Amino acid sequence: MPAQAVPAGTETPTITNLGPASAVTSTSVAEQVGDRIWTITSGVSPVQVGAFDPVGKTVDRKFSLPTGAGAWAMTHLGTDLYVGLYTPGDVYKIDTSTGTATKVAQFGSFIWSIAATPDGKIVAGTYPDGAVHEYDPATGATRSYGAAVAGEQYVRSIAADATTIYAGVGTKAHLIAIDRVTGERREILPAKYADRTFVATLALDGTKLAASLSPTGTMLVYDTSDLSNPVEVQTPGGDQYITAITLDGADVYLGTRPSGTLYRYRDNTLTRLGSPYDGAYFNRIFVDGSTIRAELTSQVVDFDEATGTFTGTDLGQAGLPPAPEQAMAITATQSSVLVSGKAGIQVHDLATGASTRTFLPGEAKTMTPVGRDVYLGVYTLARLWQMKPDGTGLHELGQIGNEQTRPTDDAYDACSRTWLISTEPDYGKYDGTLVEQHLDTGQREVHRGVVPQQSVRSVTTANGIAYLGGATRNSLGTDPILPAATVVAYDLRTNKTLWENAALSKAQSYSDLAVYRGRLYATTDDGRLAVLDSRTGKLLSETKIGTGQSRLTIARSGLYGTDSQRVFKVDGAAVSTVVDGLGAQIYGYPLITTSHNGDALYTIKGRDLVRIGGLR
């Protein structure tokens, strides 16, 4: 039945608002204009533009933009700052002298990259059309060069000189040189690098062009007068990403992940300068005379080369305060409710009502309490972390590897003391994994392709059996292989598949799974609920519960779920509404969890955390 026809239940729940679910100061880009470093927040609404004074260590100018969810792209012409936003892909001109902002163009839904040309134009790279666009501030005219590479969705990086636009493309890496007059284009990435996923970062100064390749942490340095023979620079230690490159005369400065290391390339030698902290994400590196400075996720740091140390200023404390963001994951412990977002975990203390934040170098997509600890599946790089319910004791257990980047779901199998994580592969790659992290021994098993030709979207477990929900879109930038997603039962003791079933025709993803009273409940991204026999995989019933994704949770009084608009209760094949009008503003899939003792639910309303009690 349609979502609006789902009947109201007979429960009389109590709803308690616990305040903003997660609040953060998180930035993804920065640009220096004059003596100020300008940056912009991401994932909060409205986005805030701030100017940081590196001498006074304060954000002394700040204002909001009326559109956009954040920005990955900034450049400047003289004292005018240009910002490319996402959702939608608006371009704003900010007069840094007066602090006034004017929307001057829009290029689709998501601008990934932006650069200024020597003759005073702005070029931009976009998603999902993978296109290159140009804006002329003198006339207001725009021009589209079309897709940089047919079939590719991302122009992740961009640079331009007087004659040529350089577009860094993914999910299959390309570096395209586009003639600014004719639009003619040619590939300049050597064929031996074609197996990389992205040309993710570009920097251009004079005739020197530097490009980074993911996921191998490789930099290529070109002479634009002869693009046929770039010099390869390989970062050491397993770093996969170069997130920032700055050219300064004969020197090249670069920042890497996941180690969060600052390097300098000089005279054909790569020198490690240091790291402000493990996992630091360099948005931008600035060289101001003898001073090396970097803007990170939520800090500006200065590097003292003489001592090899960094000193940092927190942007939130400097005047760009945290704001409610779109939450990414939620879980409850005996003492706290945890909500994850960009670069951190919000800890809601149930005894005091206080809310604090624990920094995390990444985004926790999954969180599961086990005993006195909480286990986190972190994007990017599919990293596994552990911490205490109060946010202390955070430390990394390792990385999943196997070309996986995004944890999608997790569960705990008490029979074997095994933490199970499902994953999606890196951009442009195929086959997700089921990961068994054995908490008693610390050993890790990675089963890739256990849900054939799909990523693994969801996982639950009962009696030593893992139940896995597939997603036909293996990763961003890939096309589905199968016509419908499948559900798999996998025996954790024998590492063998017991059954596989494409239970619902045309279902592209199983957004959640739950075993309840011996039956397997599965929700799909197109708003269906399937009930399966957990022993055989046979479809017992199918119910239309909405139009989109749903997440399930088991409480003392029954099986519940949410689609971000309402909380519903599942009784067999029947579904009834418990709470309506949530309007949850979340990043990704709907969020709901059960209290430690099962007497209440926690979910998101707007951007607030709410407790739903009085369930029966």
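Data block above holds the structure.
Notes on the structure in this doc start here.

Rules used throughout
Residues numbered from 1 in each chain as written. Predicted model: local features only at pLDDT ≥ 70, side-chain atom pairs only at ≥ 80, totals over all residues. Heavy atoms only, no water. Helix = DSSP H or I, 4+ residues; strand = E, 2+ residues; numbered from the N terminus. Rg over C-alpha atoms; globule rule 2.2 N^0.38 Å. Buried < 20%, exposed > 50% of the residue type's maximum accessible area, 1.4 Å probe, protein only. Contact = heavy atoms within 4.5 Å. Areas by Shrake-Rupley, 256 points an atom, 1.4 Å probe, with all protein chains shown as cover. Lys, Arg positive; Asp, Glu negative; His and termini not counted. Charge placed at Lys NZ, Arg CZ, Asp CG, Glu CD. Salt bridge = Lys/Arg side-chain N within 4 Å of Asp/Glu carboxyl O. Polar contact = N/O pair within 3.5 Å; in protein donor to acceptor, adjacent residues only side chain to side chain. Pairing = 2+ DSSP bridges. Axes fitted to C-alpha atoms, helices over the stretch in contact; angles between N-to-C directions. Core = buried A, V, L, I, M, F, W, Y, C linked by side-chain atoms within 4.5 Å. Phe/Tyr/Trp six-rings, centres within 6.5 Å; stacked < 30°, edge-to-face > 60°. Lys NZ or Arg CZ within 6 Å of the ring centre and 35° of its normal.

1. As for the overall build of the chain
Regarding its fold elements, the chain presents 1 helix and 56 strands. Scaling as 2.2 N^0.38, a compact globule of 616 residues should have a C-alpha radius of gyration of about 25 Å, and the chain matches this with 25 Å. Put simply, the chain has 616 residues, and 60% of those count as buried. Look at the contacts in the chain between residues 6 or more apart in sequence, and 46% of them connect residues 24 or more apart. Of the accessible surface of the chain, which amounts to about 22,900 Å², a share of 48% is contributed by carbon and sulfur atoms. Charge centroids of the chain, computed over 52 positive and 62 negative side chains, lie 6 Å from each other.

2. Re the pattern of salt bridges
Within the structure shown, the criterion is met by 31 salt bridges. Between R383 and E396 there is a salt bridge whose closest N-O contact spans 2.8 Å. Of this pair, R383 sits in strand β36 (residues 383–387) while E396 sits in strand β37 (residues 395–399), placing them 13 residues apart in sequence. For R383, a relative accessible area of 1% translates into the label buried. The partner of R528 in a salt bridge is D526, with the nearest N and O atoms 2.9 Å apart.

3. Some points on the side chain of T41
Note that T41 resides in strand β4 (residues 36–41). From its side chain, T41 meets the backbone nitrogen of Q48 in a polar contact 2.8 Å long. Not counting chain neighbours up to four residues away, the residues in contact with T41 comprise S26, T27, V47, Q48, G70, A71 and L320.

4. Comments concerning the pairing of strand β28 (residues 291–295)
Taken across its 5 residues, β28 has 4 buried, putting it largely inside the fold. In terms of strand pairing, strand β27 (residues 284–288) meets β28 through 5 bridges, oriented antiparallel. Note on β28: the bridge partner recorded for F286 is R293. Between β27 and the antiparallel strand that follows it, β28, lie 2 residues; G289 among them carries a positive phi value of about 65°. Bridge analysis of β28 against strand β29 (residues 299–304) gives 4 bridges, and the strand direction is antiparallel.

5. A closer look at the sheet that holds strand β52 (residues 567–571)
Spatially, 4 strands are ordered β50-β51-β52-β53 in an open sheet, and the strand pairing comes out antiparallel. Every other strand in the sheet has two partners, leaving β50 (551–555) and β53 (574–579) as the edge strands with one partner each. When strand polarity is set aside, the average angle formed by the axes of neighbouring strands in this sheet is 30°. Both strand β51 (residues 558–562) and β52 contribute to a ladder of 4 bridges, which runs antiparallel. Following the sheet pairing, Y560 is matched in β52 by K569.

6. Description of the nonpolar core
Counting 17 residues, the largest nonpolar core has Y467, W499, Y510, L520 and L532 as its most contacted members. Every element with two or more residues in this core is listed here: β43 (465–471), β44 (487–491), β46 (510–516), β47 (519–524) and β48 (528–533).

7. Description of the pairing of strand β30 (residues 309–314)
One ladder, built from 6 bridges, connects β29 with β30; its direction is antiparallel. Bridging across to β30, V300 finds its partner in T313. Here β29 folds back onto β30, and the loop between the two strands holds 4 residues, one of which, G308, carries a positive phi near 70°.

8. Quick look at the environment of G606
Along the chain, G606 falls in the loop between β55 (601–605) and β56 (608–613). Along the backbone, G606 and G581 are 25 residues apart, and their C-alpha atoms lie at a distance of 9.2 Å. When neighbours within four sequence positions are excluded, G606 is seen to be in contact with L582, G583, A584 and Q585.

9. Some details on unusual backbone geometry
Note that the residue after Y127, namely P128, is joined by a cis bond; omega there is 5°. The backbone phi angle of N463 is positive, close to 55°, even though this residue is not glycine. Looking at where N463 falls in the secondary structure, it is placed in the loop between β42 (455–462) and β43. The exposed category is assigned to N463, whose relative accessible area is 60%. Of note in the backbone geometry, R517 takes a positive phi value of approximately 50° without being a glycine. With respect to the helices, strands and loops of the structure, R517 is situated in the loop between β46 and β47.

10. Overview of the packing of aromatic side chains
For any pair of aromatic rings, the description rests on two quantities: the centre-to-centre distance and the angle between the ring planes. Overall, the coordinates contain 17 aromatic pairs when judged by the stated rule. Their ring planes at 85° and their centres at 5.9 Å tell us that F110 and Y127 sit as a pair that is edge-to-face. Taken as a pair, F110 in strand β11 (residues 110–116) and Y127 in strand β12 (residues 122–127) lie far apart in primary sequence, 17 residues in all. By relative accessible area, which is 15% here, F110 ends up buried. A residue is classified by how much of its surface remains accessible, and Y127, at 21% relative accessible area, is partly exposed. Taken together, W72, Y86, F110, W112, Y127, Y154, F198, Y281 and Y427 form an aromatic cluster joined through their ring pairs. R406 extends its terminal NZ or CZ atom over the ring of Y379, reaching a point 4.2 Å from the ring centre.

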